[in-house]
Amino acid sequence: MRRLLAFVVLCAAIVAIAGWIAGVPGHLDLAVGGLAIETSAPVGITLGIVALLLAYLVIRLLVTLLTLPRRWRRWRTARRRDGGERATTRALVALAANAHAPAQRQAQRARRLLGDTPQTLMVCAEAARLAGDEAGAAAAYDALTKDTESAFLGLRGLFRQAIARGDWPEAMRLARRAESYAPGKTWLVSERAEAALRTGDWDAAMALAGPDIPKVQLTTAAALANPSAAAARGLARRAWRQDPGFAPAAVAYARALRADGNPGRAAAVLRRSWTTAPHPDLAEAALDGIGEPLARLRAGTALIHGRPEDAESHLLMARLAHAAGLPGEARRHLEAARAKGLDERRLWLLAAEIEETQEAGGEALRRAANAADPSWACGQCGTRLGAWQPVCPHCGAIGRIAWQAPSKMPPPLRAEAAKALPAG
């Protein structure tokens, strides 16, 4: 209805204007060179209007012709952009569906239409990675690092590839670069800590590791790995102060003190740690370098002074007394260790050595075959180790190596220990 009304009004206006022009009085004479035109005023006005319309149409045509290349480029760019965005969306859908072939095809089409934008490069990298084309993915990730805005995405992708192939030094380098683009990010801190632990960069690991990894273990590892004697001694002292009952820290600190010419302080460190938590490694460190049996017995007596009634103390004194040719003293300490509830292979093997009769020695060996000793073991996979390590060589668990009594070991390990013993 509105359109009809507007059309009627327009027609009425045209008729009114035409009527007005037709009623204009006068005469028009126009001379151009030898050309002379004589007409009435209404016809002249009409010809003028027609000339203006023709001039306008000619100007519009010229403008259209002049701007046609630019308009063509705009249209083509918009068409490519729309096609590229659709291809990007399809590639993302294919990635979500784990369909690597369509994902790669659509990603390449998006890159061809849109060029190397952060979006197309990221989609191409993920599609190539899904298809197993690590080289193609690495090239796309590397291209992402050229732009400041997308550099973090590229570095994270390269970092993930480095971890997948076990190249921890390269992963550490990439993580440090990524830190400059996104400092303090939770994901980056945890990944940098993991890389530091894998590469043995214990100083960085101590600064980055979370609360789930004991600091004393990282500090001890840093002390053992540091080539500087002074720095290693300082780290070992820090680890020992963090946990005096952690035997590897105490041993590392004591050995550093001895190397620095301070054996008295080293002995005091081992005595305090023994008082806190007796451990065979402490005894080995305390007796290191002492060859004469009676001297070893005196050193052992000094070591256990703060905790003489512990089962581990009695077992140590039994071993030292037996080596010094004191069988009565050795039996007394051995019985005291048994009375404390110690039922381990090393106790029964020592009992077999001490017993003078074949019958008693055979019984001790039979008891040894059914017993196991405590050892360093991984709390995650149960692997037994001959010495403490910061990282489990079997499963890669960090900070999970602990001294475990036989009753706390996984059953397969106890059975394995029993099979390794000779029959009685």
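Rules behind the numbers
Residues numbered from 1 in each chain as written. Predicted model: local features only at pLDDT ≥ 70, side-chain atom pairs only at ≥ 80, totals over all residues. Heavy atoms only, no water. Helix = DSSP H or I, 4+ residues; strand = E, 2+ residues; numbered from the N terminus. Polar contact = N/O pair within 3.5 Å; in protein donor to acceptor, adjacent residues only side chain to side chain. Expected span 1.5 Å × (residues − 1). Buried < 20%, exposed > 50% of the residue type's maximum accessible area, 1.4 Å probe, protein only. Patch = residues over 30% accessible without salt bridge, like charges linked within 9 Å, V, L, I, M, F, W, Y side chains within 5 Å. Areas by Shrake-Rupley, 256 points an atom, 1.4 Å probe, with all protein chains shown as cover. Salt bridge = Lys/Arg side-chain N within 4 Å of Asp/Glu carboxyl O. Lys, Arg positive; Asp, Glu negative; His and termini not counted. Charge placed at Lys NZ, Arg CZ, Asp CG, Glu CD. Axes fitted to C-alpha atoms, helices over the stretch in contact; angles between N-to-C directions. Parallel < 35°, antiparallel > 145°, perpendicular 65-115°, else oblique. Contact = heavy atoms within 4.5 Å. Core = buried A, V, L, I, M, F, W, Y, C linked by side-chain atoms within 4.5 Å. 1 Å grid on protein atoms, 1.4 Å probe; cavity = no way out; pocket = protein on both sides within 12 Å on 5 of 7 lines; lining within 4 Å. Points joined across faces, edges and corners; volume = space filled by probe spheres on them. Nonpolar A, V, L, I, M, F, W, Y, C, P; charged D, E, K, R; others polar. Disulfide = S-S within 2.5 Å.

A.B. asks: When you look at the side chain of T219 in this model, what are you seeing that I'm missing?
C.D. replies: Looking at the secondary structure, you find T219 in helix α10 (residues 215–225). Within polar-contact distance, the side chain of T219 engages the backbone oxygen of K215 at 2.8 Å.

A.B. asks: I would appreciate a short explanation of helix α6 (residues 151–164) in the present structure.
C.D. replies: Because the α-helix completes a turn every 3.6 residues, residues three or four places apart line up on one side. An ideal rise of 1.5 Å per residue puts 20 Å on 14 residues; α6 measures up with 20 Å between its terminal C-alpha atoms. Turning to α6, its buried residues number three or more, namely A151, F152, G154, L155, G157, L158, F159, Q161 and A162.

A.B. asks: Sorry, what's going on with unusual backbone geometry here?
C.D. replies: Most peptide bonds are trans, and most residues other than glycine sit at a negative phi. In this model, N98 sits at a positive phi of 60°, which is unusual for a non-glycine residue. Note that N98 resides in the loop between α2 (41–96) and α3 (100–114). The exposure class assigned to N98 is exposed, which follows from its relative accessible area of 53%.

A.B. asks: Could you clarify how one ought to interpret a nonpolar patch on the surface in this entry?
C.D. replies: Taken together, M1, L4, F7 and V8 make up a surface patch of nonpolar side chains, about 500 Å² in accessible area. With respect to the secondary-structure elements, F7 resides in helix α1 (residues 2–22). In this structure F7 comes out as exposed when scored by relative accessible area, which is 52%.

A.B. asks: I keep staring at a positive patch on the surface and nothing clicks. Help me out?
C.D. replies: A grouping of R76, R79, R80, R86, R90, R109 and R112 is seen on the molecular surface, where their side chains present a positively charged patch. Elements with a minimum of two residues in the positive patch: α2 and α3. When residues of the positive patch are assigned to their parent elements, the largest contribution, 5 residues, is made by α2.

A.B. asks: What exactly am I supposed to notice about the packing of helix α12 (residues 247–259) against helix α14 (residues 280–287) here?
C.D. replies: The relative placement of two packed helices comes down to the angle between their axes together with the axis-to-axis distance. For the pair α12 and α14, interaxial distance at closest approach is 9 Å and the crossing angle is 10°. The orientation of α12 with respect to α14, classified from their angle, is roughly parallel. Facing A247, A250, V251, R255 and R258 of α12, the residues of α14 in contact are D281, L282, A285 and A286.

A.B. asks: What should I look at first to understand the nonpolar core in this one?
C.D. replies: Within soluble globular proteins, side chains that are nonpolar generally end up buried alongside one another. With 45 residues, the main nonpolar core has L270, W274, L282, L303, L316 and I401 as its most contacted residues. Among the secondary structure elements, those contributing two or more residues to this core are α10, α11 (229–242), α12, α13 (263–276), α14, α15 (293–303), α16 (311–323) and β3 (375–378). In terms of residue count, α12 provides more of this core than any other element does, 8 residues in total. Grouped together as the second largest cluster of nonpolar side chains are 22 residues, A140, L144, A171 and L174 included.

A.B. asks: Looking at this model, I keep getting lost on the layout of surface pockets. Mind explaining?
C.D. replies: Taken as a whole, the largest pocket holds about 630 Å³ of empty space. Per element, the largest residue contribution to the lining of the largest pocket is 5 residues, and it comes from α14. When the residues that make up the lining of the largest pocket are grouped by side-chain class, the tally is 17 nonpolar, 2 polar and 8 charged. Size it by volume and the second largest pocket reaches roughly 260 Å³. Around the second largest pocket, the lining is made up of 15 residues, and of these E312, L342, E344, R346 and W403 lie nearest the centre. Where the lining of the second largest pocket is concerned, the elements lending two or more residues are α16 and β5 (401–404). Split by residue class, the lining of the second largest pocket holds 7 nonpolar, 3 polar and 5 charged.

A.B. asks: Please explain the state of the cysteines as it appears in this structure.
C.D. replies: Note: disulfide means a covalent bond formed between the sulfur atoms of two cysteine side chains. With the rule as written, the count across this model stands at 0 disulfides. Lacking any disulfide linkage, C381 is separated from the closest cysteine sulfur, that of C392, by 3.6 Å.

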